[in-house]
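Read off the chains here:
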Amino acid sequence: MTQDEMKKMVAEAALDYVEAGTVIGIGTGSTANHFIDSLATIKHKIDGAVASSNASAKRLKDHGIPVLDLNSVSELSVYVDGADESNHYLHLIKGGGGALTREKIVAACSHKFVCIADGSKLVDVLGKFPLPIEVIPMARSMIARELVKRGGQPVYREGFTTDNGNVILDVHNLEIMEPVKLEQELNNLPGIVTVGLFAIRPADVLLLGTEDGVRTLT
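This structure is a prediction, so every number in the text was calculated from the model and none was measured.

### Some thoughts on the pattern of salt bridges
Then, number 1: For the structure on display, the rule yields 12 salt bridges.
Then, number 2: For Asp37, the salt bridge identified is with Arg59, shortest N-O distance 3.0 Å. Of the two residues, Asp37 is situated in helix 2 (residues 30-39) and Arg59 in helix 3 (residues 54-62); the sequence distance between them amounts to 22 residues.
Then, number 3: Two residues, Glu185 and Arg150, come together in a salt bridge whose shortest N-O distance is 2.6 Å. Of the two residues, Glu185 is situated in helix 6 (residues 179-187) and Arg150 in the loop between helix 5 (140-149) and strand 8 (153-156); the sequence distance between them amounts to 35 residues.
Then, number 4: We classify Arg150 as partly exposed; its relative accessible area is 31%.
Then, number 5: One continuous salt-bridge network, built from bridges that share partners, spans Glu146, Lys149, Arg150 and Glu185.

Structure below.
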């Protein structure tokens, strides 16, 4: 079974968490795209969706799924998104696609966060995947120096601008033993918009696509 087939498998499994008559949150990336495609088969059951990126909003609209502004929605029943890494506590690294800020906002507004991924994304210690950090452009060099002090090797994501008009530093060489603590620490650095650590608000459910089917972690 290919990695893409595993992603499709968990995307379809996530439909079980979609409640009829509610508005749901949708993430960004290849696995989230599979979920959007699967959601199209039951689009009549929901009132609409809030997207975490312009790309996901377009894909939803192409399927005829109403896309709502988060400011007009009081609550989201569930948020479904992929991850670049997850540990066994469901702390995540996200942001490989560059939508981490809006993803974190939508996740914070949702009653349940269902993360969908192929089995290779589950790790014992976060950090092999470079940690994305969205930064105000004028603070890029300052934040890079702060990250070097913490043992990281920040790399500017050349030619990429987030939907919010900011830039991204991908931080290599981190072994993240205390994700919550690191997220809190980095959140306090002026110039950082969002850290791609989803540990203070982790996933509630992790659906992993494996050769043996969908594995559920809670």
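### Some points on the layout of surface pockets
Then, number 1: Considering only enclosed or pocket space, the largest pocket measures out at about 220 Å³ in volume.
Then, number 2: In this structure, the largest pocket is lined by 19 residues; those nearest its centre are Thr28, Gly29, Gly82, Ala83 and Asp84.
Then, number 3: Contributions of two or more residues to the lining of the largest pocket are made by helix 2 and strand 6 (110-118).
Then, number 4: Residue contributions to the lining of the largest pocket peak at three residues, all from strand 6.

### Describing the sheet that holds strand 6
Then, number 1: Ordered in space as 2-1-3-6-12-13, the six strands form an open sheet in which the pairing is mixed. Looking at the sheet topology across the chains shown, the edges are occupied by strand 2 (48-51) and strand 13 (213-217). Here the average twist between neighbouring strands, direction ignored, is 25°.
Then, number 2: Bridge count for strand 12 (residues 205-210) against strand 13 is five bridges, and the pairing is antiparallel. The residue bridging Leu206 from the neighbouring strand is Leu217, located in strand 13.
Then, number 3: The sheet contacts of helix 4 (residues 100-108) involve strand 1 (23-26), strand 2, strand 3 (76-81) and strand 6, and relative to strand 3 the element is tilted by about 145°.

### A closer look at the nonpolar core
Then, number 1: In terms of nonpolar packing, the biggest core is built from 24 residues, with Ile24, Ile26, Phe35, Leu39, Leu60, Ile116 and Leu207 touching the most fellow members.
Then, number 2: Contributions of two or more residues to this core are made by helix 1 (3-13), strand 1, helix 2, strand 2, helix 3, strand 3, strand 6 and strand 12.
Then, number 3: With near-sequence residues (within four places) excluded, Leu39 lies in contact with Leu15, Val18, Ile24, Ile26, Ile46, Leu60 and Ile65.
Then, number 4: Counting 21 residues, the second largest nonpolar core, distinct from the first, contains Val123, Leu126, Ile176 and Leu189.

### Here we look at the sheet that holds strand 9 (residues 167-172)
Then, number 1: Judged by pairing direction, the sheet is antiparallel, and its four strands sit side by side in the order 8-9-7-10 without closing on themselves. Edge positions in the sheet fall to strand 8 and strand 10 (192-195), since each of these pairs with one other strand and no more. Averaged over all neighbouring strand pairs, the angle between strand axes comes to 30°, with direction disregarded.
Then, number 2: In this sheet, strand 9 lies alongside strand 8 in antiparallel orientation, the contact comprising four bridges. Of the residues in strand 9, the one forming a bridge with Val155 is Asp170.

Parameters and conventions
- Residues numbered from 1 in each chain as written.
- Predicted model: local features only at pLDDT ≥ 70, side-chain atom pairs only at ≥ 80, totals over all residues.
- Heavy atoms only, no water.
- Salt bridge = Lys/Arg side-chain N within 4 Å of Asp/Glu carboxyl O.
- Helix = DSSP H or I, 4+ residues; strand = E, 2+ residues; numbered from the N terminus.
- Buried < 20%, exposed > 50% of the residue type's maximum accessible area, 1.4 Å probe, protein only.
- 1 Å grid on protein atoms, 1.4 Å probe; cavity = no way out; pocket = protein on both sides within 12 Å on 5 of 7 lines; lining within 4 Å.
- Points joined across faces, edges and corners; volume = space filled by probe spheres on them.
- Pairing = 2+ DSSP bridges.
- Axes fitted to C-alpha atoms, helices over the stretch in contact; angles between N-to-C directions.
- Contact = heavy atoms within 4.5 Å.
- Core = buried A, V, L, I, M, F, W, Y, C linked by side-chain atoms within 4.5 Å.

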